[in-house]
Amino acid sequence: METKVWKVDPQFPDPKVIAKAAEVIRRGGLIAFPTETVYGLGANALDENAVLKIFAAKERPPWDPLIVHIFDLTMLEHLVDEPPENFHKLAELFMPGPLTVVMWKKAKVPDAVTAGLPTVAVRMPNHPVALVLIEASGVPIAAPSANKFGRPSPTTAEHVLHDLAGRIDGILDAGPTQVGVESTVLDLTKIPPVILRPGGVGKEALEKVLGEVLVATKILEVETGLPSPGMMPRHYAPSVPVILTDGNPSELAAAIEVLKSQGYDPNQIGVLMPSGWLAGIEGVVTFDWGSWGNWDELAQKLFVGIRWLEMQKISAIVAPLPPPIGLGLAIRDRLTKAATPKDEFSSESKKSNCKCQGKTL
């Protein structure tokens, strides 16, 4: 299959190009498109055969559900019976935006979308290209991240091509995404509500609207279907080990010295290096991650940095962990899962009750 790439203006995409991509969606094909978080791989959410193509292209296990993207709230009538009252409060503030809400689904939503569960995850992306594509398609679009399963998420069309060229019909290339980590997934079927995956909307912002909000820390039985994507202990992982440190320069430097003492060539050590932390650290391959404390910047560059370091043919990646506040919580989540060793989790395993813990020096 040839994967077509259409370059589009991120603010004013060509209607003719959008119409071509929408036609692919309507006829059951796959289109990768930008959202404000990462690039998604989209198919008609109400066409089970189309949805199954997503799983085949990504090599994604069927127990990992998909998020359904909508153009406006009227599209909910295809997906949920009665949104809870607190949903409307959230929608006023965070839709469109990087918030996904889990609610009870309608029977017409294919089981392939929801991993066989009675709930569906819905969000309205805050990106002009995504919104006009959904509107032109006329159907809700199921879309996980547009990468091979378990890999670092794609924030550029080039990342999508690296993983999925020849596996999907087309890509709408609107340049890099803005948020850089996936949406927050919030389960409104629970009381109090539960964050299943930290993301672009912080826990603190949600609590201002809802009161108490919990954060899920354990994985349920895989054979029952995960309640949200991104909940496996190992995920977002490059092809080399990820080593995590406490969030300060001395701990980062100490971790690098430990790797050197274990026989790692400094030229084979990659580092997500906060700006200004390089003093006293020599010989390693560094990616300028951004200003420590500016979690928006670090989130935007997280997967870009991991993928860039991976391309430098290094043997390990070292990264400091931000505190669990705001977007720092989402960055910690992604790094911790990227750092989980392969032997601690297999996508073929039947069950897992593991906490999401990364390897820390």
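Scroll up to find the structure this text is about.
Owing to the predicted nature of the structure, the values given are computational and were not obtained by experimental measurement. (Residues numbered from 1 in each chain as written. Predicted model: local features only at pLDDT ≥ 70, side-chain atom pairs only at ≥ 80, totals over all residues. Heavy atoms only, no water.)

**Details of the overall build of the protein chain**
Helices and strands together make up the secondary structure of the protein chain, namely 10 helices and 15 strands. Each of the three principal axes of the protein chain carries a C-alpha extent, and together these read 60 × 45 × 35 Å. Counting every position in the protein chain, which comprises 361 residues, the buried fraction comes to 57%. Here the protein chain has roughly 14,600 Å² of accessible surface; of this, 53% comes from carbon and sulfur atoms. Computing the positive centroid from 35 side-chain charges and the negative centroid from 41, the protein chain places the two 4 Å apart. (Helix = DSSP H or I, 4+ residues; strand = E, 2+ residues; numbered from the N terminus. Buried < 20%, exposed > 50% of the residue type's maximum accessible area, 1.4 Å probe, protein only. Areas by Shrake-Rupley, 256 points an atom, 1.4 Å probe, with all protein chains shown as cover. Lys, Arg positive; Asp, Glu negative; His and termini not counted. Charge placed at Lys NZ, Arg CZ, Asp CG, Glu CD.)

**Concerning the packing of helix α6 (residues 157-164) against helix α9 (residues 295-311)**
Contact pair α6 / α9: the axes reach a minimum separation of 12 Å and the direction vectors enclose 55°. Relative to α9, α6 is oriented oblique. Crossing geometry of α6 relative to α9 is assigned as left-handed. On α9, the residues that touch His-159, His-162 and Asp-163 of α6 are Val-304, Arg-307 and Met-311. For the contact of α6 with α9, a count of residues per class yields two nonpolar, two polar and two charged. (Axes fitted to C-alpha atoms, helices over the stretch in contact; angles between N-to-C directions. Parallel < 35°, antiparallel > 145°, perpendicular 65-115°, else oblique. Left-handed = near helix turned anticlockwise from the far one by under 90°. Contact = heavy atoms within 4.5 Å. Nonpolar A, V, L, I, M, F, W, Y, C, P; charged D, E, K, R; others polar.)

**Observations concerning the environment of Ala-330**
Mapped onto the elements, Ala-330 comes out in helix α10 (residues 327-339). You can call Ala-330 buried: its relative accessible area is 0%. Measuring from C-alpha to C-alpha, the distance between Ala-330 and Ser-261 comes to 31 Å, with 69 residues separating the pair along the chain. Once you skip the residues sitting within four places of it in the chain, Ala-330 turns out to touch Val-181, Pro-198 and Gly-199.

**Some points on the packing of aromatic side chains**
Tallied over the entire structure, the rule returns six aromatic pairs. Arranged with centres 5.0 Å apart and planes meeting at 45°, the rings of Trp-277 and Trp-292 form a pair that is tilted. Here Trp-292 lies in the loop between β14 (285-290) and α9 and Trp-277 lies in the loop between β13 (269-274) and β14, a separation of 15 residues in the sequence. Among the residues examined, Trp-277 registers a relative accessible area of 10% and is labelled buried. Under the relative-accessibility criterion, Trp-292 is labelled partly exposed at 26%. Put simply, the rings of Trp-277, Trp-289, Trp-292 and Trp-295 touch in pairs and so form one group of aromatic residues. (Phe/Tyr/Trp six-rings, centres within 6.5 Å; stacked < 30°, edge-to-face > 60°.)

**Here we look at the environment of Ser-250**
On the secondary structure map, Ser-250 appears in helix α8 (residues 249-261). Side-chain polar atoms of Ser-250 contact the side chain of Asn-248, separated by 2.7 Å. (Polar contact = N/O pair within 3.5 Å; in protein donor to acceptor, adjacent residues only side chain to side chain.)

**Observations regarding unusual backbone geometry**
Apart from glycine, the bulk of residues carry a negative phi angle, and the bulk of peptide bonds sit in the trans form. Omega for the bond connecting Met-95 with Pro-96 falls within 30 degrees of zero, at 0°, which places this linkage in the cis form. Looking at the element boundaries, Pro-96 is found in the loop between α3 (85-94) and β5 (99-104). Pro-192 follows Ile-191 through a cis peptide bond whose omega is -5°. Within the element layout of this structure, Pro-192 appears in the loop between β9 (184-187) and β10 (194-197).

**Focus: the sheet that holds β13**
Spatially, the four strands line up as an open sheet ordered β12-β15-β13-β14, and their pairing is parallel. The two strands at the open ends of the sheet, each matched to only one other strand, are β12 (242-245) and β14. Across the sheet, the mean angle from the axis of one strand to that of its neighbour is 20°, orientation sign disregarded. Pairing between β12 and strand β15 (residues 316-320): four bridges, direction parallel. Bridge assignment links Leu-244 to a residue of β15, and that residue is Ala-319. (Pairing = 2+ DSSP bridges.)

**Focus on the sheet that holds strand β6 (residues 119-123)**
Pairing within the open sheet is mixed, and its 11 strands lie in the order β1-β8-β2-β3-β7-β4-β6-β5-β9-β10-β11. Each of the sheet's edge strands pairs with one partner strand only, and the pair in question is β1 (4-7) and β11 (214-215). Sheet topology note: the β5/β9 ladder contains four bridges and is parallel. Among the inter-strand pairings, Leu-99 is bridged to a residue of β9, identified as Thr-184.

**Describing the pattern of salt bridges**
Under the criterion given, the structure shown has 16 salt bridges. One salt bridge in this structure joins Arg-123 and Glu-36, with 2.9 Å as the shortest N-O distance. Here Glu-36 lies in the loop between β2 (31-34) and β3 (39-44) and Arg-123 lies in strand β6, a separation of 87 residues in the sequence. Assessed through its relative accessible area of 2%, Arg-123 is described here as buried. (Salt bridge = Lys/Arg side-chain N within 4 Å of Asp/Glu carboxyl O.)

**Comments concerning the side chain of Thr-37**
Within the secondary structure, Thr-37 sits in the loop between β2 and β3. Relative accessible area serves as the criterion here: at 3%, Thr-37 is assigned to the buried category. Separated by 2.8 Å, the side chains of Thr-37 and Thr-35 make a polar contact. With sequence-adjacent residues up to four places away left out, Thr-37 is seen in contact with Pro-98, Arg-123, Thr-155, Thr-177, Val-179, Gly-180, Val-181, Glu-182 and Ser-183.

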